[in-house]
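Chain by chain, the residues run as shown.
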Amino acid sequence: MAESTSYNELFERLGLVIDPQLIELALTHRSFAYESGGLPTNERLEFLGDSVLGIVITDKLYHHHADLPEGQLAKLRSAVVNAKALASVGRTLSLGSFIRLGKGEEATGGRDKSSILADTVEAILGAAYLDHGIDVARDLILRLFADLLVESESLGAGLDWKTSLQELTAELGVGVPGYVIADSGPDHAKAFEARVFVNEKHYGFGIGSNKKEAEQQAAATAYVELVAEFKDQD
C-alpha cells in the first residue's frame, strides 16, 4: 500500500484537522527522512505525544477509579498505554497508508509494523497538542482510546497476570499460587493446559500454545475468581 498524498481522510478519522506542516512531520518516519537527505523526523513529536498521552490517561484513571491504590492504577494504565494498544489505534485509523516511509522500510512491511504505527500515533498526539492545546488533545485521546479504557476495566490486573495474582494472594494472605501444567498433541503442535491452585484450592484454568500463555490465562481466571470470592465475604 502506497503513501496517501492527502490527509483529509485521516483528519476525518481523527475528527480533527491539524496544521499541514505538523501532520506531515508527525507522519515522517526516520527512514524517509534519511533517504530524503536528512529531513526532520517525527521523533520529537513522538516524545511529546508520549507525555501528553500519559498525563491524559493517568488523569482519566485517577478520577474514574477514586478507590484504587497507586499500584492498581499503574496496571490499568499499562493496559492502555503500551505499544500494542497504540498500534491497534493506528490500525483502526488505517494510519499505515499515510506514513512517509523510506523504500527499505516499505519493502519490509513497515506500514503495518506495530512499532512504527505506535510511534506515529504518539507523534500525531504531539502534533495535536502543539496545534490545538491540551483540551483538544485530551478529547482526541479519550475518543481514540475509549475502547481500550473500557477493556482495561475488565483487565483489572493489567498485562502480567501471574505477577498480579501473586501480589493479590500475598495481600489476601492465602498462600503462594501453584501451577499444574499438562500438554497434549504432537511435538510440532502441542497444546498446553494450566491450572492454578491457591492453598490447595483450584481457582483458574487456561490453555495456550505454550506454557507461558496457558499460565497467564489461568492466572487471569484465578485473579478474577479470587477477587469475586473475597468481595462476597466483605
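Structure: see above.
Before going into details, it helps to say that this report is about the structure given with it. (Residues numbered from 1 in each chain as written. Predicted model: local features only at pLDDT ≥ 70, side-chain atom pairs only at ≥ 80, totals over all residues. Heavy atoms only, no water.)

## So, the pairing of strand 2 (residues 191–198)
Across the two faces of strand 2 the burial differs, with Phe192, Ala194, Val196 and Val198 buried and Ala191, Glu193, Arg195 and Phe197 not buried at all. Judged from the seven bridges that link them, strand 1 (residues 178–184) and strand 2 form a sheet pairing that is antiparallel. Of the residues in strand 2, the one forming a bridge with Val180 is Arg195. Two successive antiparallel strands, strand 1 and strand 2, enclose a turn made up of six residues, where Gly185 displays a positive phi of approximately 95°. In this structure, strand 2 lies alongside strand 3 (residues 201–208), joined through seven bridges in antiparallel fashion. The residue bridging Ala194 from the neighbouring strand is Gly206, located in strand 3. (Buried < 20%, exposed > 50% of the residue type's maximum accessible area, 1.4 Å probe, protein only. Helix = DSSP H or I, 4+ residues; strand = E, 2+ residues; numbered from the N terminus. Pairing = 2+ DSSP bridges.)

## Notes on the packing of helix 4 (residues 43–64) against helix 8 (residues 114–132)
Close contact between helix 4 and helix 8 brings their axes to 6 Å; oriented N to C, the two are set at 80°. Taken together, the axes of helix 4 and helix 8 are roughly perpendicular relative to one another. Seen from helix 4, the contacting residues are Leu45, Glu46, Leu48, Gly49, Asp50, Val52 and Leu53; seen from helix 8, they are Asp119, Glu122, Ala123, Leu125, Gly126, Ala127, Tyr129 and Leu130. Residues belonging to the contact of helix 4 with helix 8 are distributed by class as follows: nine nonpolar, two polar and four charged. (Axes fitted to C-alpha atoms, helices over the stretch in contact; angles between N-to-C directions. Parallel < 35°, antiparallel > 145°, perpendicular 65-115°, else oblique. Contact = heavy atoms within 4.5 Å. Nonpolar A, V, L, I, M, F, W, Y, C, P; charged D, E, K, R; others polar.)

## Some words on the sheet that holds strand 2
With antiparallel pairing, the three strands of this open sheet are ordered in space as 1-2-3. Looking along the sheet, the strands with just one partner apiece sit at the ends: strand 1 and strand 3. Strand-to-strand twist of the sheet, defined as the mean angle between neighbouring strand axes without regard to direction, takes the value 20°.

## Some details on the nonpolar core
If you look at soluble globular proteins, the nonpolar side chains tend to sit buried side by side. Within the largest apolar cluster, 44 residues are counted, with the highest numbers of intra-cluster contacts made by Leu14, Ile18, Leu95, Ile124 and Phe145. Of all elements in the fold, only helix 1 (8–14), helix 2 (20–26), helix 4, helix 5 (70–80), helix 6 (83–92), helix 8, helix 9 (134–144) and helix 10 (146–155) reach the threshold of two or more residues within this core. Counting residues per element, this core draws most heavily on helix 8, at nine residues. Excluding its chain neighbours within four sequence positions, the residues that come into contact with Ile124 are Leu10, Leu14, Ile18, Ile23, Ala26, Leu27 and Leu95. Membership of the second largest hydrophobic core comes to 16 residues, among which are Val198, Ala214, Ala219 and Ala220. (Core = buried A, V, L, I, M, F, W, Y, C linked by side-chain atoms within 4.5 Å.)

## Section: the packing of helix 4 against helix 9
With their axes 10 Å apart at the nearest point, helix 4 and helix 9 run at an angle of 70° to one another. Here helix 4 is positioned roughly perpendicular relative to helix 9, judged by the angle of their axes. On the side of helix 4, the interface is formed by Val52, Leu53, Val56, Ile57 and Lys60, while helix 9 contributes Ile134, Ala137, Arg138, Ile141 and Leu142. In terms of residue class, the contact of helix 4 with helix 9 is built from eight nonpolar, no polar and two charged.

## Remarks on a nonpolar patch on the surface
Taken together, the side chains of Ile55, Tyr129, Leu130 and Ile134 define a hydrophobic patch exposed on the protein surface, amounting to about 340 Å² of accessible area. Looking at where Leu130 falls in the secondary structure, it is placed in helix 8. (Patch = residues over 30% accessible without salt bridge, like charges linked within 9 Å, V, L, I, M, F, W, Y side chains within 5 Å. Areas by Shrake-Rupley, 256 points an atom, 1.4 Å probe, with all protein chains shown as cover. Salt bridge = Lys/Arg side-chain N within 4 Å of Asp/Glu carboxyl O.)

## Considering the environment of His63
Mapped onto the fold, His63 is located in helix 4. The exposed category is assigned to His63, whose relative accessible area is 56%. A sequence separation of 71 residues divides His63 from Ile134, and the C-alpha atoms of the two residues are 17 Å apart.

## A short note on unusual backbone geometry
One non-glycine residue, Ser94, lies in the positive phi region at around 55°. Tracing the sequence through the fold places Ser94 in the loop between helix 6 and helix 7 (103–107). Given a relative accessible area of 35%, Ser94 falls into the partly exposed group. Positive phi, close to 65°, is recorded for Glu200, a residue that is not glycine. On the secondary structure map, Glu200 appears in the loop between strand 2 and strand 3.

## Focus on the environment of Glu46
With respect to the element layout, Glu46 can be found in helix 4. Glu46 gets classed as buried once you look at its relative accessible area, which sits at 19%. Expressed as a C-alpha distance, the spacing of Glu46 and Thr120, which sit 74 residues apart in the sequence, is 6.8 Å. With near-sequence residues (within four places) excluded, Glu46 lies in contact with Asp119, Glu122 and Ala123.

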